[in-house]
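For reference, the chains in residue letters:
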Amino acid sequence: MELRADFPIFRDSTGEHPLVYLDNAATTQKPQTVINRLTEFYAHENANTHRGLYPLSLVATDAYENARVVLQKFINAPSADEVIFTRGTTEGINLFAYSWGRTFLQAGDEIIVTEMEHHSNIVPWQEAVRATGAVLKWVPVKDGELDLDVYDSLLSNKTKLVAVGLVSNVLGTINSVKEITARAKKFGALVLADGAQAAAHMAMDVQDLGIDSLAMSAHKMYGPTGIGALWVRGELLDTMPAFMTGGNMIEDVRHDGAVYQTRAHKFEAGTMPIAEVIAMTPMIEWIQNVGFEKIRAIEDEVTRYAMEKLGAIDGMIMYGTKNLSHRAPVFPFCLSDVHPHDVADTLGSMNICVRAGKHCANPLHNALGVAATTRASLAIYNTTDDIDRLVEGLNEVKRIYE
Ligand SMILES: Cc1ncc(COP(=O)(O)O)c(C=O)c1O
């Protein structure tokens, strides 16, 4: 596959057990252009941004601010100054939960989350309600999808925010966030979408979705670790107090106080991961060069193959919706009564990378009534050969443990 050749980790992996990387929901591999950009920056362009008046710093600042515009266009945000660079999805949601949550939530207000959220989209809200006396409400999961009838019954004038993932990191469910948002808006509630698992697989148009905020991580979309973004609708962002304070986010500091910058810059205190921000530009260009239509078509084909081949293994229990149009390429499963850690360990010995455990989604595993699962998650470079190797590995697990 020609796209796969862009990723040096696969080029370099040969021998008896070439790498089969099926842990993309944890983090994706990086194309050469992203790796090159990081090296080029450090080798030839390194300087701090927004501070120096010399050419090197001005060039770095330009590249940094250009990445913001590239990201703005990628998610179709109305304005670049609404895009805040963060360390990733976790930091983005925490930023929102602290800044907005602790300012605007009051005792008795309600926040709705779902049982399929990653802990990053649960625990910050638990902290926010603990600090304010607001209440957390949960949308349950039925047959691998959100139970929207229960969601409807939870919505009321007390609902101040709905926090929902675009795609579940365990089940791969693509949630109907546009519909969820439309229903929330009837009660005047805000909607924050967790885009961590969607970003590599589908277009995220914040205006079309109608949401108020979107969090994402570059490392799950072929980009560097340690960087991501939080988009917040401009008028809302204007009402939010600073989350972190210090250098770079201020206009002026006097003995008796400080004047802050506005919009995104108010939330980027201190020196940011400059090289990583700048490398988000080739990351997005790489995705756009392939295009989401092609990404979806390739991933769908491998998904169908995987569902068929995995489903045919004796003792296989697969979780998640069977409606493939609502499904990103993530497959959680249990193999007979073999512990998922033993499954992952044996696969690992064959250089097949999957994840085992609760995948930072304990409430979901409790709802599924299962202690842990093994998860295979795909990206654009995975092929049906990878699935054949996975099946081979699972047969080896059965030979050892059954
Ligand atoms: C759905 C979802 N949300 C949030 C996160 C947290 O992302 P990060 O660790 O990059 O902050 C993850 C990571 O797996 C995730 O899958």
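Basis of the calculations
Residues numbered from 1 in each chain as written. Predicted model: local features only at pLDDT ≥ 70, side-chain atom pairs only at ≥ 80, totals over all residues. Heavy atoms only, no water. Buried < 20%, exposed > 50% of the residue type's maximum accessible area, 1.4 Å probe, protein only. Helix = DSSP H or I, 4+ residues; strand = E, 2+ residues; numbered from the N terminus. Pairing = 2+ DSSP bridges. 1 Å grid on protein atoms, 1.4 Å probe; cavity = no way out; pocket = protein on both sides within 12 Å on 5 of 7 lines; lining within 4 Å. Points joined across faces, edges and corners; volume = space filled by probe spheres on them. Nonpolar A, V, L, I, M, F, W, Y, C, P; charged D, E, K, R; others polar. Domains from an automatic or database assignment. Near = heavy atom within 4 Å. Polar contact = N/O pair within 3.5 Å; in protein donor to acceptor, adjacent residues only side chain to side chain. Areas by Shrake-Rupley, 256 points an atom, 1.4 Å probe, with all protein chains shown as cover. Sits in = over half its atoms within 2 Å of the grid points. Contact = heavy atoms within 4.5 Å. Salt bridge = Lys/Arg side-chain N within 4 Å of Asp/Glu carboxyl O. Axes fitted to C-alpha atoms, helices over the stretch in contact; angles between N-to-C directions.

1. Digging into the pairing of strand 9 (residues 213-217)
Taken residue by residue, a regular strand's side chains alternate between the two faces of the sheet. Burial analysis of strand 9 places five of its five residues in the buried class, the great majority of the element. Residues Ser213, Ala215 and Ser217 point to one face of strand 9 and Leu214 and Met216 to the other, with burial holding for every one of them. As judged from the three bridges shared by strand 8 (residues 190-194) and strand 9, these two strands associate in the parallel manner. Across the sheet, the residue bridging to Ala193 is Leu214, located in strand 9. Bridging between strand 9 and strand 10 (residues 228-232) involves five bridges; their strand directions are antiparallel. From the neighbouring strand, Met216 faces strand 10, where its bridge partner is Ala229.

2. A look at the layout of surface pockets
Roughly 370 Å³ of internal volume is contained in the largest pocket. Taken together, 26 residues line the largest pocket, and the ones lying closest to its centre are Thr89, His118, Ser120, Ala196 and Lys220. Tallying contributions element by element places helix 4 (residues 89-104) first for the lining of the largest pocket, with three residues. Across the lining of the largest pocket, the residue classes tally to six nonpolar, 13 polar and seven charged. For the lining of the largest pocket, the two domains that each supply at least three residues are domain 1 (3-27 + 291-401) and domain 2 (34-288).

3. Some remarks on empty space enclosed by the protein
To locate leftover empty space, one rolls a probe as large as a water molecule over the atoms. A full pass over the atoms with the stated rule returns one cavity of 30 Å³ or more. Approximately 40 Å³ is the volume attributed to the largest cavity. Looking at the largest cavity, the residues that line it are Asn24, Thr28, Ala196, Gln197, Ala200, His201, Lys220, Leu378 and Ala379. A per-class count over the lining of the largest cavity returns four nonpolar, four polar and one charged. Mapping the lining of the largest cavity onto the domain boundaries places at least three of its residues in each of domain 1 (3-27 + 291-401) and domain 2 (34-288).

4. Examining the site of the ligand
Neighbouring residues of the ligand: Ala25, Thr89, Thr90, His118, Ser120, Asn169, Asp194, Ala196, Gln197, Ser217, His219 and Lys220. Between the ligand and the protein, one listed contact pairs a nitrogen atom with a side-chain N or O atom of Asp194 at 2.5 Å. Contacts to the ligand include Lys220, whose side-chain N or O atom sits 2.6 Å from an oxygen atom. Within the complex, the protein chains bury 86% of what would otherwise be the 390 Å² of accessible surface of the ligand. Applying the majority rule of atoms within 2 Å of the grid points places the ligand in the largest pocket. Here the residues of the shell around the ligand are counted per class, giving two nonpolar, eight polar and two charged.

5. Focus: the environment of Leu154
One can find Leu154 in helix 6 (residues 148-154). The exposure class of Leu154 is buried, given its relative accessible area of 18%. Taking the C-alpha atoms as reference points, Leu154 and Ile93, separated by 61 residues in sequence, lie 22 Å from one another. Apart from residues lying up to four places away in sequence, Leu154 is in contact with Glu110, Ile112, Lys137, Trp138, Val139 and Thr159.

6. What about the pattern of salt bridges?
By the definition in use, this model includes 21 salt bridges. Arg183 is paired through a salt bridge with Asp152; the nearest N and O atoms lie 2.9 Å apart. One end of the pair, Arg183, is in helix 7 (residues 177-185); the other, Asp152, is in helix 6, with 31 residues separating them in the sequence. Here Asp152 falls in the partly exposed class, since its relative accessible area comes to 34%. Overlapping salt bridges bring together Asp81, Glu82, Asp238 and Arg263 as one network.

7. Things to note about the sheet that holds strand 13 (residues 316-318)
Ordered by their spatial adjacency, four strands build an open sheet running 13-14-17-16, and the pairing between neighbours is antiparallel. The sheet terminates laterally at strand 13 and strand 16 (355-357), the two strands that pair on one side only. Across this sheet, the average inter-strand angle for adjacent strands is 30 degrees, counted without regard to direction. Running over the sheet, helix 14 (residues 340-349) touches strand 14 (330-335), strand 16 and strand 17 (373-377) and is turned about 160 degrees from strand 16. The strands touched by helix 16 (residues 384-401) are strand 13, strand 14 and strand 17; relative to strand 14, the strand with the most contacts, the crossing angle is about 20 degrees.

8. A short note on the sheet that holds strand 7 (residues 159-165)
The strand order across the open sheet built from seven strands is 2-10-9-8-7-3-4, with neighbouring strands paired in mixed fashion. Every other strand in the sheet has two partners, leaving strand 2 (83-86) and strand 4 (135-139) as the edge strands with one partner each. Here the average twist between neighbouring strands, direction ignored, is 20 degrees. The pairing of strand 3 (residues 110-114) with strand 7 spans three bridges and is classified as parallel.

Remember, this is a structural readout, not a statement about activity or role.
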